Structures are given as structure tokens and as C-alpha cells.
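# Descriptive structure summary
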Amino acid sequence: VHMPFGYTPLWDRFDAAAVPAGPPRVLYFGNKKPRRLEVLADHAEVLARQSARLLVSDNSSPNMESGPTFLVGDDKRSLLASTRLVVNIHQGDEPYFEWLRFCEAAMAGAAYLTERSEHCEPWVAGEQFAVFDRADMGRAIEALVDDDAELGRLRRAAYDAVRARPLADSVHVLIDAAARLRSSAPAPAALPARTRREPLV
């Protein structure tokens, strides 16, 4: 059963009055996978020219609180609410869509520019977010970051689309599935003990 992430008022920081001025004008946040670092390095000149903020986190152990390279909670949402353009780069060669990152940006009112992705539905490239190919990231940033009209259109469309799909709807799907399981078989007397000792890589 697909349980898509969606809107929650707890994360809503959208300001309809105007496109955020920044800083930051451009924000990247993600882990330090080699492919991501390579793409950032390839476009370092543009990122420097745009005074981009890069939050490159170390995910070898859990990040439990805000720090220099990782933000959580209101720290993260406040930063997104002041950001003009969030840039997303894939970790590896699989072009998956970053649902959580897109929804967080949309609820905060930051326009979203991502490397070309698959399985974005119900979101639509060009309507709620912009896309780039790896070699063209720098050009895509510079074409978009000063375009208030296009940033405004993307951020409004993204916010409206996410707002129309409440996270609570997915929670009801989970509750219904649990109720069906409960009615078809007795609950287990015990669950297996956790066996994993090392973080997933």
C-alpha cells in the first residue's frame, strides 16, 4: 500500500506575500555521498557566485540535533522559509524523487530545483518544481534564482499541490491496514528482538 508523504500544518511556513529574498539564495542540504560531492565540485564557481549555503552532513551515525552541517525541526524550517531556491542532487545513479525534501521545501515556500527524477507522481516537473541534468546544474540555477515570477509560480504551485494531500490521509490508510490485520489473525504474543548492531550504509 502506497502511503505518500504530504501536508502537515506543523511544518507550514509558507508566506504568500513574496518570494524569499534570502539568505540563502541557493541552498543544498544532503549527505556527503561521493556523487553529490562531485556534482557540487563541478559547479563550484556558480555556487560561490550565488553565495550558496551547503549543508553537507555526515550520516555515518544519527544526527539527533542541529549543528553546523545538519538542521532539524524549526531550525530547518526557518532556513527553508528564507531560501529562494533549494537544489537537490541524487546520491547515486538511481534517479529517485526526494519526496520528503520536496514536501519540506514546498511547505516552507522555497522553490525546488532537482536533478531529473522518475516516479514523481502526483507532482509534475515544470509545474511544481524545476529539473536539471547533471552537466547543466549551474546554468539551471542561474536561469532561475533571479526570476521572481518563475520562483513565485513554482513555490505557489508546489505549496497548493502538497496542501491538497494531507499526511493524515496516509495515516488513515495505515490505521485501516492495521485494523484488517487485527481482524484476520490474533496479534503476536511477542516480536523478535532487534538483531542489527551496525547502522545501515
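Treat the numbers as computed from the prediction; the structure is a model and nothing was measured.

By size, the foremost hydrophobic cluster in this structure holds 26 residues, and its most contacted members are V86, F97, F102, W123 and V162. Elements represented by at least two residues in this core include exactly β1 (26-31), α3 (73-82), α4 (99-108) and α6 (148-163). When residues in this core are grouped by element, the largest group, seven residues, is from α4. One finds V39, L113, A130 and L151 within the second-largest nonpolar core, a separate group that totals 21 residues.

A few words now on unusual backbone geometry. Look at the link from G22 to P23: it is a cis peptide, with omega at 0 degrees. Tracing the backbone shows P23 in the segment before β1. The omega angle of the peptide bond from E121 to P122 is 10 degrees, so this bond is cis rather than trans. Within the secondary structure, P122 sits in the loop between β4 (111-115) and β5 (130-132). One non-glycine residue, S51, lies in positive phi territory at about 50 degrees. Among the secondary structure elements, S51 is positioned in the loop between α2 (44-49) and β2 (53-57). For S51, a relative accessible area of 54% puts it in the exposed group. In this model, H119 sits at a positive phi of 60 degrees, which is unusual for a non-glycine residue. Structurally, H119 can be placed in the loop between β4 and β5.

Rules and cut-offs
- Residues numbered from 1 in each chain as written.
- Predicted model: local features only at pLDDT ≥ 70, side-chain atom pairs only at ≥ 80, totals over all residues.
- Heavy atoms only, no water.
- Core = buried A, V, L, I, M, F, W, Y, C linked by side-chain atoms within 4.5 Å.
- Buried < 20%, exposed > 50% of the residue type's maximum accessible area, 1.4 Å probe, protein only.
- Helix = DSSP H or I, 4+ residues; strand = E, 2+ residues; numbered from the N terminus.

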